[in-house]
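Listed below, chain by chain, are the residues.
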Amino acid sequence: MLSHTLERGVLVITVDQDPGIDGRATLTTYITNLVDAHQPAPVVIVLTDPAGGHAAVSAVLRAHQWCARLGVLMSVVTHSAPVRRLLEDNADTSGPRLVVHARADTAISTAFTAAA
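Below you will find a few notes about this structure. (Residues numbered from 1 in each chain as written. Predicted model: local features only at pLDDT ≥ 70, side-chain atom pairs only at ≥ 80, totals over all residues. Heavy atoms only, no water.)

**Here we look at the overall build of the protein chain**
Counted only if it meets this: Under the scheme used here, helices are H or I runs from DSSP no shorter than 4 residues and strands are E runs no shorter than 2 residues, and both carry numbers assigned from the N terminus. Here's how the labels work: a residue is buried when its accessible area is under 20% of the maximum for its type, exposed when over 50%, partly exposed in between, all with a 1.4 Å probe on protein chains only. Should any heavy atoms of two residues lie within 4.5 Å, those residues are considered in contact. Surface exposure here means Shrake-Rupley accessible area, sampled with a 1.4 Å probe, where a residue is shielded only by the protein chains that are shown.
Looking only at helices and strands, the protein chain has four helices and five strands in total. Traced from its N-terminal end to its C-terminal end, the protein chain shows the element sequence β-β-α-β-α-β-α-β-α. Judged by the C-alpha coordinates and their principal axes, the protein chain covers about 35 × 30 × 25 Å. Here the protein chain, with 116 residues, has 40% of them falling under the buried criterion. Partitioning the contacts of the protein chain with sequence separation of at least 6, the portion at a separation of at least 24 is 72%. For the protein chain, the accessible area works out to roughly 5800 Å², and carbon and sulfur atoms hold 52% of it.

So, in structure tokens, the structure goes:
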């Protein structure tokens, strides 16, 4: 369902499939546990094309709320313009803005620079 690496001090979580509605809470828990273990490192979540479903998007939005509470910078990468719009339109605006990128290298570089 997901994998993770550390690149330039940035936690990069790759979600490679949509978990479906039944797996949404599990995916959210996996992501937030990784965030907790690596904080205060900034987080980039990469949604591959098969992971662009509503359940994965919902889990990412919940993770964004978690990161905002912890003061952890989080951004998302997806090639899908409709998924980018969905994330931007539904992100929590009470904390740090969710930044959504089309390219992973740009997201990682931006997160690294912002955290420095």
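**Observations concerning helix α2 (residues 54-70)**
We count it as follows: In this analysis, the expected span of each helix is defined as 1.5 Å times one less than the number of residues it contains.
With 17 residues, α2 extends 25 Å from end C-alpha to end C-alpha; this agrees with the ideal 24 Å at 1.5 Å per step. Those residues of α2 that fall on the buried side of the exposure criterion are Ala55, Ala56, Val57, Ser58, Ala59, Val60, Leu61, Ala63, His64 and Cys67. Contact partners of the buried residues in α2: α1 (20-38), β3 (43-47), β4 (74-78) and α3 (81-90). Directly beyond the C-terminal end of α2, a positive phi value near 75 degrees is found at glycine 71.

**Remarks on the side chain of threonine 78**
Note on placement: threonine 78 falls in strand β4. With residues near it in sequence (within four places) discarded, threonine 78 still touches Leu47, Val83, Arg84, Leu87, Val100, His101 and Ala102.

**Description of the packing of α2 against α3**
We count it as follows: The axes used here are C-alpha line fits, helices contributing only the stretch in contact, and every angle between their N-to-C directions lies in the interval 0 to 180 degrees. Here the word oblique covers every angle except those under 35 degrees (roughly parallel), over 145 (roughly antiparallel) and from 65 to 115 (roughly perpendicular). Helix crossings fall into two classes, left-handed where the near helix is turned counterclockwise from the far one by less than a right angle and right-handed where it is turned clockwise.
The interhelical angle for the contact between α2 and α3, taken along N-to-C directions, is 40 degrees, at an axis separation of 10 Å. The orientation of α2 relative to α3 falls into the category oblique. In this structure, the crossing between α2 and α3 has a hand that is right-handed. Taken together, the residues of α3 that come into contact with α2 (itself represented by His54, Val57, Val60 and Leu61) are Val83, Leu86, Leu87 and Asn90.

**So, the side chain of serine 75**
Mapped onto the elements of the fold, serine 75 is located in strand β4. You can call serine 75 buried: its relative accessible area is 6%. Ignoring sequence-local partners within four residues, the contact set of serine 75 consists of Val43, Val44, Ile45, Leu98, Val99, His101 and Ala107.

**Remarks on the nonpolar core**
Rules: Put simply, buried Ala, Val, Leu, Ile, Met, Phe, Trp, Tyr and Cys residues joined by side-chain atoms within 4.5 Å make one nonpolar core.
In this structure, Ile13, Val43, Ile45, Leu47, Met74, Leu87 and Leu98 are the most contacted members of the largest nonpolar core, which totals 26 residues. Elements with a contribution of two residues or more to this core: β2 (10-15), α1, β3, α2, β4 and α3. In terms of residue count, α2 provides more of this core than any other element does, seven residues in total. Setting aside anything within four residues of it in sequence, one finds valine 43 in contact with Leu11, Ile13, Val35, Cys67, Val72, Leu73, Met74 and Ser75. Of all hydrophobic cores here, the second largest spans eight residues; its members include Val10, Val44, Val77 and Ile108.

**So, unusual backbone geometry**
Look at the link from glutamine 39 to proline 40: it is a cis peptide, with omega at 10 degrees. One can find proline 40 in the loop between α1 and β3. Residue arginine 8 is not a glycine yet carries a positive backbone phi of 55 degrees. Within the element layout of this structure, arginine 8 appears in the loop between β1 (2-7) and β2.

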